[in-house]
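# Close look at the chain arrangement
The lines below spell out each chain.
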Amino acid sequence: NQLYAVVGNPISHSKSPRIHSLFASQTGEPVEYTAIQAPVDDFSGAARHFFEQGGKGLNVTVPFKEQAWTLADHRTPRAEKAGAANTLYLDKVQDLVADNTDGVGIVRDLQVNHGVSLKGLRILVLGAGGAVRGVLGPILAEQPAALTIANRTVAKAEALVRLFANDADAALLTACGFDGPDQSFDLVINGTSASLQGDLPPASAKVIGPDTVVYDMMYSLQTTTFNQWALDNGARRVYDGLGMLVEQAAESFFVWRGMRPDTAPVIEELRTD
Ligand code: ATR
């Protein structure tokens, strides 16, 4: 078997080993996938050791995605723009390559699994941290009609607008604070980490209308705090990030193995775990 792993800290709750084991049995690929907890101050040592031992590919999660990006010898264009990497592998001359499959993950979950085509939509993204930067490129590539980034720290939303200005029409991409948007959007994406502290991003309930699709990049067994808030304010379609998690994993599997697993049964299986 060929060895793959996810590296993070903490890592014990990661669903990636389960997802990739399901991909391996479904496709018959000789993939063995484990979890590695790297010391917070030595991600590069852990990654180097893994590849020196013959490891084929790594997924990278919190808090190491930016370090993985820095460590790599080369970056794919989508990783370059994301400023972070969730997928590492060695190329033919043993150089370390960084990729990022998170953006493809959310776009595919929305478009394929939930039937929400992003083209022409008016989108509100809440948050302007690493998670949001990681997905903006692939979202903008679908040509939404408008995309507003609202963040507690407005300067960070403005910085993202400058960074992605060439990926979109200038009029299309705008930044503001949470007090800015006060009318309903076609799609509202929560990309803040507020729920980790049990908080809600303080967006106006006016951004939610009966036809708004709401997407929380976080996931949990129960309805997420953000999605519950949206439902309480009249949303009828809310999705959490479990599908995104499985889709980013499937794209990594494709990068490593050249084969695309069927994600639907894996999402189903994880949902009922
Ligand atoms: P991640 O990798 O999850 O994106 P990050 O880069 O630290 O982590 O970004 C966290 C995001 O969640 C930021 O947009 C942050 O807002 P600030 O840029 O103003 O810090 C947002 N966030 C975190 N806690 C929040 C809270 N309690 N309310 C609103 N926004 C919050």
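Position numbers for residues start from 1 in each chain and track the written sequence from start to end. Per-residue local features of the predicted model are confined to residues with pLDDT of at least 70, and side-chain atom pairs are confined, for both listing and counting, to 80 or more; whole-chain, interface and lining totals are unaffected and use all residues. Values reported for side chains reflect all heavy atoms of the structure, with hydrogen atoms and water molecules removed beforehand.

## Notes on the packing of helix 9 (residues 242-257) against helix 10 (residues 264-271)
Orientation is described by lines fitted to C-alpha atoms, with helices fitted over the stretch in contact, and by angles between N-to-C directions that extend from 0 to 180 degrees. Where helices and strands are cited, they refer to DSSP runs of H or I of at least four residues and of E of at least two residues respectively, numbered from the N terminus. Direction vectors running N to C along helix 9 and helix 10 enclose 135°, while the axes themselves pass 10 Å from each other. Classified by the angle their axes make, helix 9 and helix 10 are oblique. Regarding helix 9 and helix 10, the two cross each other, and that crossing is right-handed. On helix 10, the residues touching L242, G243, V246 and E247 of helix 9 are V266, I267, L270 and R271. For this classification, Asp, Glu, Lys and Arg are treated as charged, while Ala, Val, Leu, Ile, Met, Phe, Trp, Tyr, Cys and Pro are nonpolar and the rest, including Gly, are polar. A per-class count over the contact of helix 9 with helix 10 returns five nonpolar, one polar and two charged. An angle counts as roughly parallel when it lies under 35 degrees, as roughly antiparallel when it exceeds 145, as roughly perpendicular when it falls between 65 and 115, and as oblique in every other case. For a crossing to be left-handed, the near helix must be turned anticlockwise from the far one by less than a right angle; the clockwise case is right-handed. Pairs of residues are marked as contacts when any of their non-hydrogen atoms sit within 4.5 Å.

## What about the domain arrangement of the chain?
In this document the domain limits rely on a domain assignment from an automatic tool or a database. The domains assigned to the chain are domain 1 (2-100) and domain 2 (103-242). At the interface, eight residues of domain 1 touch 10 residues of domain 2. When domain 1 packs against domain 2, close to 650 Å² is buried across both sides, 49% of that on carbon and sulfur atoms. What gets called buried area is simply the loss in accessible area from a 1.4 Å probe that two parts show on being joined, summed for both. On the domain 1 side of the contact with domain 2, K15, K81 and A82 bury the most area, a combined 65% of that side's loss. We define a salt bridge as a contact between a side-chain nitrogen of Lys or Arg and a carboxyl oxygen of Asp or Glu at a distance within 4 Å. Between domain 1 and domain 2 we count one salt bridge in total. Whenever a nitrogen or oxygen atom comes within 3.5 Å of another N or O atom, the pair is scored as a polar contact, on the condition that within protein one atom can donate a hydrogen and the other can accept it, and that pairs from neighbouring residues in sequence are kept only if both atoms are in side chains. Counting across the domain 1 and domain 2 interface gives four residue pairs in polar contact (both at pLDDT 80 or more). With four residues, the single largest contributor to the side of domain 1 that touches domain 2 is helix 4 (residues 77-82).

## Observations regarding the sheet that holds strand 3 (residues 57-60)
Here, a strand pair is defined by DSSP locating no fewer than two bridges between the strands. Here we have six strands laid out as an open sheet, ordered 2-1-3-5-6-4, and mixed in their pairing. In this open sheet, the two strands that pair with only one neighbour each are strand 2 (31-37) and strand 4 (74-75). Each of strand 1 (2-8), strand 2 and strand 3 is contacted by helix 1 (residues 16-27), which is oriented at about 175° to strand 2, the strand it contacts most. Against the sheet, helix 9 makes contact with strand 1, strand 2, strand 3, strand 5 (87-90) and strand 6 (96-99), and its axis sits at roughly 5° relative to strand 5, the strand it touches most.

## So, the nonpolar core
As used in this record, nonpolar core signifies buried Ala, Val, Leu, Ile, Met, Phe, Trp, Tyr and Cys residues forming a set joined through side-chain atoms within 4.5 Å. Accessibility here uses a 1.4 Å probe with only protein chains present; expressed as a share of the type maximum, an area under 20% marks a residue as buried, one over 50% as exposed, and anything in between as partly exposed. By size, the foremost hydrophobic cluster in this structure holds 30 residues, and its most contacted members are I106 and L147. Of all elements in the fold, only helix 5 (102-113), strand 7 (122-126), helix 6 (130-141), strand 8 (146-150), helix 7 (154-163), strand 10 (187-190) and strand 11 (213-216) reach the threshold of two or more residues within this core. Looking at this core element by element, the count peaks at five residues for helix 6. Setting aside chain neighbours within four positions, we find L147 in contact with I123, V125, L136, I139, L140, L172, L173 and T174.

## A word on the sheet that holds strand 9 (residues 173-176)
Pairing within the open sheet is parallel, and its six strands lie in the order 9-8-7-10-11-12. Because the sheet does not close on itself, it has two edges, and the strands there are strand 9 and strand 12 (237-239). When strand polarity is set aside, the average angle formed by the axes of neighbouring strands in this sheet is 15°. Pairing of strand 7 with strand 8 involves five bridges; the strand directions are parallel. Looking at the pairing, R122 lines up with A146 of strand 8.

## Some points on the site of the ligand
Being near a molecule or strand, for a residue, comes down to having at least one heavy atom within 4 Å of it. Near the ligand lie 15 residues; those nearest to it are G130, A131, N151, T153 and K156. Between the ligand and G129 there is a distance of 3.5 Å, counted from an oxygen atom to a backbone nitrogen or oxygen. Here an oxygen atom of the ligand and a backbone polar atom of G130 are 2.8 Å apart. The class makeup of the residues in the shell around the ligand is four nonpolar, eight polar and three charged.

## A few points about the pattern of salt bridges
Pairing between side chains of opposite charge can happen when their charged atoms approach one another. Enumeration over the complete set of coordinates arrives at 12 salt bridges. D102 is the salt-bridge partner of K65, the closest N and O atoms lying 2.8 Å from each other. Residue K65 is located in helix 3 (residues 65-71), and its partner D102 is located in helix 5; the two are separated by 37 residues in the primary sequence. In this structure D102 comes out as buried when scored by relative accessible area, which is 10%. As a salt-bridge pair, R236 and D211 come within 2.7 Å of each other at their nearest N and O atoms. Remark: D211 occurs in the loop between strand 10 and strand 11 and R236 occurs in the loop between helix 8 (225-232) and strand 12; sequence separation between them is 25 residues. On the basis of relative accessibility, which here comes to 58%, the residue R236 falls in the exposed class. Look at the salt bridges and you will find they share partners, linking R78, D99, R108, E251 and R260 into a network.

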